[in-house]
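Listed below, chain by chain, are the residues.
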2 protein chains.
Amino acid sequence: MKIFQDYKSILQPFLEQYLEEKKKEFSHVNTWADDSFTRLQQFVVQGKMVRGGLVQFAHAMVRENNEDTLKIAAAIELLHSSLLIHDDIIDRDRLRRGSASLFAQYRDLAEQTGKNDTLHYGNSMAICVGDLCYLLAYDLLADISERYRRTVIIFFSSEISKTVFAQMQDIDLGYRNTCTEEDIINIYRFKTARYTFSLPLMLGGILAGQSERIITQLEELGETLGILFQIKDDELGLFADQTKLGKPVGNDIKEGKKTLLWYYLMQAVTEEEKKKLNVIFGNNNVPKKDIEYVRNMIKEKNVSEKIYCKIRALAEESRTLISGLSISETNKQILCDLVEYNCNRSY
Amino acid sequence: MKIFQDYKSILQPFLEQYLEEKKKEFSHVNTWADDSFTRLQQFVVQGKMVRGGLVQFAHAMVRENNEDTLKIAAAIELLHSSLLIHDDIIDRDRLRRGSASLFAQYRDLAEQTGKNDTLHYGNSMAICVGDLCYLLAYDLLADISERYRRTVIIFFSSEISKTVFAQMQDIDLGYRNTCTEEDIINIYRFKTARYTFSLPLMLGGILAGQSERIITQLEELGETLGILFQIKDDELGLFADQTKLGKPVGNDIKEGKKTLLWYYLMQAVTEEEKKKLNVIFGNNNVPKKDIEYVRNMIKEKNVSEKIYCKIRALAEESRTLISGLSISETNKQILCDLVEYNCNRSY
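Notes on the structure in this doc start here. (Residues numbered from 1 in each chain as written. Chains lettered and ligands numbered in written order. Predicted model: local features only at pLDDT ≥ 70, side-chain atom pairs only at ≥ 80, totals over all residues. Heavy atoms only, no water.)

A look at the relation of the copies chain B and chain A
Between the two copies, chain B and chain A, the superposition gives an RMSD of 0.0 Å; the rotation angle is 180 degrees and the shift along the axis is 0.0 Å. What we have between these two chains is a two-fold relation. (Least-squares fit on C-alpha atoms with pLDDT ≥ 70 in both.)

Re the interface of chain B and chain A
Each side of the interface is counted separately: chain B has 55 residues, and chain A has 55 residues. Ranking the residues of chain B by area buried against chain A places Leu135(B), Phe165(B) and Tyr175(B) at the top, with a combined share of 14%. Where chain B meets chain A, there are six salt bridges. At the surface where chain B touches chain A, the tally comes to 24 residue pairs in polar contact (both at pLDDT 80 or more). Those elements that place two or more of their residues in the side of chain B that touches chain A are helix 2 (31-45), helix 4 (67-91), helix 6 (118-141), helix 7 (146-174) and helix 8 (181-207) of chain B. In terms of residues, the side of chain B that touches chain A owes the most to one element, helix 7 of chain B, which gives 18 residues. Its residues placed into classes, the side of chain B that touches chain A shows 28 nonpolar, 13 polar and 14 charged. (Contact = heavy atoms within 4.5 Å. Buried area = accessible area lost by both parts, 1.4 Å probe. Salt bridge = Lys/Arg side-chain N within 4 Å of Asp/Glu carboxyl O. Polar contact = N/O pair within 3.5 Å; in protein donor to acceptor, adjacent residues only side chain to side chain. Helix = DSSP H or I, 4+ residues; strand = E, 2+ residues; numbered from the N terminus. Nonpolar A, V, L, I, M, F, W, Y, C, P; charged D, E, K, R; others polar.)

What to know about the packing of aromatic side chains
Inspection of every chain in the model, using the stated rule, returns 20 aromatic pairs over all chains. For the ring pair Phe26(A) and Phe165(B), a centre distance of 5.5 Å and an interplane angle of 55 degrees mean the geometry is tilted. Of the two residues, Phe26(A) is situated in the loop between helix 1 (2-25) and helix 2 (31-43) and Phe165(B) in helix 7; the pairing between them involves two chains. Residues Phe26(A) and Phe165(B) agree in their burial class; the two are buried. Aromatic ring contacts, followed pair by pair, group Tyr138(A), Phe156(A), Tyr138(B) and Phe156(B) into a single cluster. For Lys258(A), the ring lying beneath its charged end belongs to Trp262(A), and the centroid distance is 5.1 Å. Above the plane of the ring of Tyr106(B) lies Arg39(B), whose end atom (NZ or CZ) is 4.4 Å from the centre. (Phe/Tyr/Trp six-rings, centres within 6.5 Å; stacked < 30°, edge-to-face > 60°. Buried < 20%, exposed > 50% of the residue type's maximum accessible area, 1.4 Å probe, protein only. Lys NZ or Arg CZ within 6 Å of the ring centre and 35° of its normal.)

A look at the packing of helix 9 (residues 212-239) of chain A against helix 15 (residues 303-323) of chain A
Residue and element names in this part refer to chain A. Between helix 9 and helix 15, whose axes approach to 9 Å, the crossing angle comes to 155 degrees. In terms of orientation, helix 9 and helix 15 fall into the roughly antiparallel class. As helix 9 runs across helix 15, the sense of the crossing is left-handed. Facing helix 9, whose interface residues are Glu220, Leu221, Thr224, Leu225, Ile227, Leu228, Ile231, Lys232 and Glu235, helix 15 presents Ile307, Tyr308, Lys310, Ile311, Leu314, Ala315, Glu317, Ser318, Leu321 and Ile322. Of the residues assigned to the contact of helix 9 with helix 15, the class counts are twelve nonpolar, two polar and five charged. (Axes fitted to C-alpha atoms, helices over the stretch in contact; angles between N-to-C directions. Parallel < 35°, antiparallel > 145°, perpendicular 65-115°, else oblique. Left-handed = near helix turned anticlockwise from the far one by under 90°.)

Considering the pattern of salt bridges
Following the criterion strictly, the structure yields 70 salt bridges over all chains and no others. A salt bridge links Lys22(A) to Asp139(A); the shortest N-O distance between them is 3.0 Å. With Lys22(A) in helix 1 and Asp139(A) in helix 6 (residues 118-141), the pair connects residues that are 117 residues apart, well separated along the chain. What makes Asp139(A) buried here is its relative accessible area of 8%. The residue Lys71(B) makes a salt bridge to Asp143(B) at a minimum N-O spacing of 3.3 Å. You can see Lys71(B) sitting in helix 4 and its partner Asp143(B) sitting in the loop between helix 6 and helix 7, a full 72 residues away along the chain.

Brief notes about the nonpolar core
Counting residues in each nonpolar core, the largest one holds 139 residues, and the members touching the most others are Leu78(A) and Leu78(B). Beyond its immediate sequence surroundings of up to four residues, Leu78(B) is in contact with Leu15(B), Tyr18(B), Leu19(B), Val44(B), Cys133(B), Leu136(B), Ala137(B) and Leu140(B). Judged by nonpolar contacts, the second largest core, of 57 residues, contains Met61(A), Met297(A), Leu335(A) and Leu338(A). (Core = buried A, V, L, I, M, F, W, Y, C linked by side-chain atoms within 4.5 Å.)

Without other data, these values stay purely geometric and don't point to any function.
In C-alpha cells, the structure reads:
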C-alpha cells in the first residue's frame, strides 16, 4: 500500500540513524556491539514496517506526526524484530525477509570459522540480539514526552506480555494433535492481531488524544484486521511463492502449527487420512512431497473455500467496524484499503 | 550478610504481591500466563536478591527507602531473572538456585507428557519466560516518580545492553581455544560487574540525589567489587559443594568458559598438558574424572594461589575506593563487609 510505503520512507531513516548512534555509543564494549547493530541495520529495515506505519497513520488521523510518533513507531518495529528473532529460533525458520534469519546468520558464521555445535552457537547469539531489541525499544519509549511516557510504556509491556503467553500456547499446541477452533483464534488474537494492529492503532490514538471510545473501537478493529491478516498469512505460508514471501513455504507443517487451515483440513478428512496427516504435521524433516500432499488435500477437500469464506466474513466485520468510527471519510477509505490489502496480498 | 537478608525480607513480599497481581491481570489470555507467573513466583524469590538489596542500600545511605526504591529493586531482580533464564539455555545449565532451571522445568514437563524433541520445547518456552521478565521489569520502572522515570529507564537499557554484548563475547570465546586476560576481565566487567554492582549502586544513588562525583565513584567501586565477585564465582563453580551452590559444579569446563582460572592454568601447564586440557574444556559430555583432573591441576600448578592473590588485590582496591567515598563510617563499614563477603562466601 502506497501510504505505508510513504510512512516507511520517513520511519526508515529515523531508525537507521538511531541504530547508527547506538552502534557508536556501545563500540567501547566489544566488537559484538558493532556486529549486532550492523545485522540489525539490515534486518529491521527489510520489513514492510506496517506496525510503525499504523502508529503514524493513527496519529495523523487527528494531528501531524512528530518526534514522539517516530520514536513509538521505531520502538514497535524494534519490538517486532525481537519477536521475530526469537520466533525464528523457536520455529527453526532459516529464512526471514528474504535473508538468513538471525540465528541462521550466526550458525553460518560458526560454520565458516570451523566451530562445533553451530546451531547452539547460532541460537545463543540470536537470543542475545533479540534481547537487545527489547532494550532498545524501551530506550526509545523512555524518550517520548513526559505526558505519555508512563501510559505508553505500561500499555506496551502489557500488550507484549500477552503476545508472549500466546507464543507459549502456540509452541505447546505444536506438540499436540488436537485443539479447538477457539484455541487457534485465541492464539491469532493474542500472538499476532493485538500487537500488529490493535497496539499501533491504539498508541497512535493515545498520542492523538482520541477519546476512550475511539481507542476501544480501534482495539476491536485491530483484533479483527489482525485475525484476518494471520489467516491470510497461514495460507501464504503454504501456497505463496517462496522468493516473494521471503521465508520457507510449508514451515507450519514442519512445526506442527495449529492453524485454521490445519483445523478445517482435519475436520474434512477421513480417519485414515487423518492418521497420515498426523505423521506429516510436526515432522521436522518433512519431505517436499508431503507438503505437496497437504496442499493437494486442502484443494481437494474444499478447505481453501472455507478459509476464503472466513476471510470474507472478517473483512465484512472490519468494514462494519470502520464505518462506525468517528473519523474522516478519507481515513475510513484508507482503513478499507487496508482490509482489501490484507485479503489479497501475495506476500 | 544480615543487612541484605533484611532488605530481602522487605523486597520479597513486594515482588510476590506484584507477580500475584500480574498473574490475575493476564489470566484471561490463556493458562500459560498462570503457568509462567507460578514458576516465576518460585524462581525470582530463590535468589539472594543482592542486586535489589544494593539499590535499597544505596538509597538508604542518604534517604529512607520508598515505593520507588522497591519498584527499581524489584525491576532489577526481574531483569536478573531474564538474564539467568536465557543464560541457562545458552550454558545448558540444568540447575539454578537449587531447582531445575526454567528450560529444564519445561523440558521435564514435555517429557512427562510424552512429547518429542523435549529440549527444543524447553528452550522455546524458557525464551518466552525470559522475555516476559524484561517486559515486567520495564512495567515496574515506568511506574516510578516522573522525575526519575526517563533517566532510570534509559540508564537501565544502556547498562543491560552492555551485559548482552558481553554475553555474546562470552559465548563466542567459549568456542575458541585462546584469548587474552584483557578479554576475560572485559567480560567480567560488562557481563557481571556493571549490572550486578555498578547499576544498582548508581540507581540507588540517583534516587537519593547523590552528586555526580559520588555516582561515578559508586560506578567504579561496583566494577571492582563485581570483578572480584565473578572471580570468586568461577572458583566456587569448580570447587564448591554443589548442594550449597545450587548449580552444577564444573559447568564452566563443559562450556569451555574462558575464566581467569582457565587462563592462569593454561599459562602454567606444559604443551602436552595444554593439549589434554583443550580436549577437556568445551566437551559437552565431560566425564567427572576430567573435572577432577582439572581441579587437581589447578591445585598442583598453584593456580589457586594466583587467583587468591588477584582477589586480595581487588579487595584492597575496593577498600581504597570505599575509604574515598563521602559517606558515613557506618555505610563504609557495610561496604567493607560486602568486600569481605565477596572474598569468603562459600556459595
